[in-house]
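Secondary and tertiary structure notes
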Amino acid sequence: GGGEERHLHLGEKALGQMPQNSEAHFQLALSFAAGGKLGSALDSLEDSLKNAATPADLRKLLLSARTEPDFQALRTLPEFAQTLSAHSQKLSAKR
């Protein structure tokens, strides 16, 4: 679909400007997931979570990851749950 291309373009464009941009990584993860590239989607999601600027940003990304319709297939992977719980633990450790 056209949505995948658009996400990919937005994500790559934003990454070109800011390689540490967690939002850009998230967009990229979305486009990979929409295209069925689950391994790449997981990598981009991991990068997105790692680069979250603040605990509030991380919380927002974790929530989005859990609710994003494009991540439906991704959520079936055990690695997805592991990634999310690892980053959730970071959040509780920061308190």
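Notes on the structure in this doc start here. (Residues numbered from 1 in each chain as written. Predicted model: local features only at pLDDT ≥ 70, side-chain atom pairs only at ≥ 80, totals over all residues. Heavy atoms only, no water.)

1. A short note on the nonpolar core
- Grouped together as the largest cluster of nonpolar side chains are 20 residues, with contacts concentrated most on Leu45 and Phe71.
- Contributions of two or more residues to this core are made by helix H2 (22-34), helix H3 (38-50), helix H4 (55-67) and helix H5 (78-94).
- The residues contacting Leu45, other than those within four sequence positions of it, are Phe26, Ala29, Ala65, Phe71, Leu74, Phe80 and Leu84. (Core = buried A, V, L, I, M, F, W, Y, C linked by side-chain atoms within 4.5 Å. Buried < 20%, exposed > 50% of the residue type's maximum accessible area, 1.4 Å probe, protein only. Helix = DSSP H or I, 4+ residues; strand = E, 2+ residues; numbered from the N terminus. Contact = heavy atoms within 4.5 Å.)

2. A look at H3
- Given a rise of 1.5 Å per residue, 13 residues ought to cover 18 Å, and the 18 Å separating the end C-alpha atoms of H3 matches this to within 8%.
- Listed as buried for H3 are Ala41, Leu42, Ser44, Leu45, Ser48 and Leu49. End-on view of H3: buried residues confined to an arc of 165°, all on one side of the axis. Exposed residues lying more than 90 degrees from the buried face of H3 are Asp43 and Lys50. (Expected span 1.5 Å × (residues − 1). Arc of directions from axis to C-beta.)

3. As for the side chain of Asn21
- With respect to the element layout, Asn21 can be found in the loop between helix H1 (2-17) and H2.
- Owing to a relative accessible area of 17%, Asn21 belongs among the buried residues under this scheme.
- Among the polar contacts made by the side chain of Asn21, one reaches the main-chain amide nitrogen of Glu23 at a distance of 2.9 Å. (Polar contact = N/O pair within 3.5 Å; in protein donor to acceptor, adjacent residues only side chain to side chain.)

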